[in-house]
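Descriptive structure summary
Below are the chains, spelled out letter by letter.
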Amino acid sequence: MIKFRIAIILLGLLPIISQANFLSELEALEANRVNQSNRAADKAPPKNQVKRYFTLSSGKRMDVSDWQIVHFMSSTCSYCQQFNPVLKQVSETTGFPVFTYSFDGKGDIVFPDVFMANSEVVNNFFAELPRATPTDFLINVNTMVTLPLSQGATSADKFLQRLDEVLIYVDTNLTGM
């Protein structure tokens, strides 16, 4: 009778024991997969990021490789239609990439590829600014430090002046962060 009860108990524990074994196997497979992908990443050639420099009005040459412009627009905004070619020209001249969000999810001739400005994005960028188009920010892609550049249509000279002011601020107050 005792052997029968022990057999019943062992049969009852069998699914738990086999499940524990299955979980151990899954963990081992996952660990092996992670090790393989780490080895593959170690073998991958390093990405050679091209350094981008911007010469400040002070004459100092500043590495701006980690910075890009985030642009908010709407496809129906007349000010955006006026400013977008200016921003595109400034981007091409300075080498600053432009990441474009659209409040209506549509691009235009100058910036056809856009991302929809959802409520989370809008709340993050416009926490202390009125929501207006066009609006531009300078953002460090590694630290996510974000600084406002401009709102509304402006000339290339005025935009470059504001870019210079913001980069001087970065160099003076945020370098080494």
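Scroll up to find the structure this text is about.
Reading the values: rules and limits
Residues take numbers from 1 onward in each chain, read along the sequence in its written order. Totals for whole chains, interfaces and linings use all residues, but because this is a predicted model, local features are given only for residues with pLDDT of at least 70 and pairs of side-chain atoms are given and counted only at 80 or more. Each side-chain value is worked out from all heavy atoms of the structure, with water and hydrogens disregarded. When a carboxyl oxygen of Asp or Glu lies within 4 Å of a side-chain nitrogen of Lys or Arg, that pair is called a salt bridge. For the purposes of this entry, the term helix denotes a DSSP run of H or I that reaches at least four residues, the term strand denotes a run of E that reaches at least two, and both are numbered from the N terminus. Only protein chains enter the accessibility calculation, which uses a 1.4 Å probe; a residue whose area is less than 20% of its type maximum is buried, one above 50% is exposed, and one in between is partly exposed. In this scheme, strands are said to pair when DSSP sees at least two bridges between them. Throughout, right-handed denotes a crossover for which the path from the first strand over the helix to the second runs clockwise when the strands point away from the viewer. One fewer than the residue count of a helix, multiplied by 1.5 Å, yields its expected span. Working rule for contacts: check all heavy atoms of both residues, and any pair within 4.5 Å makes them a contact.

**Let's talk about the pattern of salt bridges**
Throughout the structure, instances matching the rule amount to three salt bridges. For the salt bridge of K51 with D63, the shortest nitrogen-to-oxygen distance reads 3.2 Å. Taken together, the residues K51 in the loop between helix 1 (2-43) and strand 1 (53-55) and D63 in strand 2 (residues 61-63) connect sequence positions 12 residues apart. Classification of D63 as partly exposed rests on a relative accessible area of 31%.

**A short note on the pairing of strand 4 (residues 98-102)**
Pairing geometry for strand 3 (residues 67-73) and strand 4, over five bridges, is parallel. What sits directly across from F72, in strand 4, is Y101. Once you follow strand 3 into helix 2 (residues 78-94) and on to strand 4, the crossover reads as right-handed. Bridge count between strand 4 and strand 5 (residues 115-116): two bridges; the pairing is parallel. Across the sheet, the residue bridging to S102 is M116, located in strand 5.

**Quick notes on unusual backbone geometry**
P134 follows T133 through a cis peptide bond whose omega is -10 degrees. Residue placement: P134 occurs in the loop between helix 3 (119-125) and strand 6 (135-140). Positive phi, close to 65 degrees, is recorded for M144, a residue that is not glycine.

**Quick look at helix 4 (residues 156-174)**
Relative to the 27 Å expected for 19 residues at 1.5 Å per residue, helix 4 spans 25 Å between its end C-alpha atoms, a close match to the ideal helical length. Taken as a whole, helix 4 has its buried residues at A156, F159, L163, D164, V166, L167, V170 and L174.

**Section: the side chain of Q68**
Mapped onto the elements, Q68 comes out in strand 3. On the accessibility criterion, Q68 (17% relative accessible area) is buried. If we skip the residues at most four places from it in the chain, Q68 touches F96, P97, F99, F137, L138, I139 and V141.

**A closer look at the environment of I168**
Its place among the elements puts I168 in helix 4. For I168, a relative accessible area of 28% gives the class partly exposed. Put simply, I168 and K60 are 108 residues apart on the chain and 9.3 Å apart in space, counted from C-alpha to C-alpha. Non-local contacts of I168, meaning those with residues more than four positions away in its chain, are made with L56 and S57.

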